[in-house]
Amino acid sequence: MTFTSAQQKEAYKKLPEEVRSFIMSNDTTDLISAKLHKLGLSDEKQDLADSEILNAMYGLQSFDTALQKIAEKSGKKIEELSDLKKNLQENIFSKYKKLETITTSVSQPKQSTP
């Protein structure tokens, strides 16, 4: 599924501030760009792949779905994306999930049990 700009903006706004900062940080964007460049994708296909990864980070689709779409749009076999998957999982998505868990637990008041 292709997501509209409005859907992306709405999903982004719903994220905690710490998660939005992480997603848009220079470290995160530089790492994604470097890994996509390493795949040998054209600039246009790198932009498409970057959008799919962002959609996963916004919670609009799973990371596996993003990888499948990248494979389809780039003409690469899914196996050729294993290094990309490993690097992004270790360096971005694992940190993102931890950050999301921390900010969610901090922002939600604890409920007392009667």
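Read on for a plain summary of the structure.

The rules behind these values
Residues numbered from 1 in each chain as written. Predicted model: local features only at pLDDT ≥ 70, side-chain atom pairs only at ≥ 80, totals over all residues. Heavy atoms only, no water. Core = buried A, V, L, I, M, F, W, Y, C linked by side-chain atoms within 4.5 Å. Buried < 20%, exposed > 50% of the residue type's maximum accessible area, 1.4 Å probe, protein only. Helix = DSSP H or I, 4+ residues; strand = E, 2+ residues; numbered from the N terminus. Contact = heavy atoms within 4.5 Å. Expected span 1.5 Å × (residues − 1). Arc of directions from axis to C-beta.

Some remarks on the nonpolar core
- Counting residues in hydrophobic clusters, the biggest one holds 26 residues, and the most contacted among them are Ile 23, Leu 36, Ile 53, Leu 84, Leu 88 and Phe 93.
- Among the elements of the structure, α2 (17–24), α3 (26–38), α4 (43–57), α5 (63–74) and α6 (82–107) are those that each provide at least two residues to this core.
- Beyond its immediate sequence surroundings of up to four residues, Leu 88 is in contact with Ile 32, Lys 35, Ile 53, Phe 63 and Phe 93.

Looking at α3
- A rise of 1.5 Å per residue sets the reference length of α3, with its 13 residues, at 18 Å; its end C-alpha atoms lie 18 Å apart and thus fit the reference within 8%.
- Every buried residue of α3 is accounted for by Thr 28, Ile 32, Lys 35 and Leu 36. With its buried residues spanning 100° around the axis, α3 presents them on a single face. Turned more than 90 degrees off the buried face of α3, the exposed positions are Asn 26, Asp 27, His 37 and Lys 38.
- Positioned one or two residues after α3, Gly 40 has a phi angle of 80°, which is positive.

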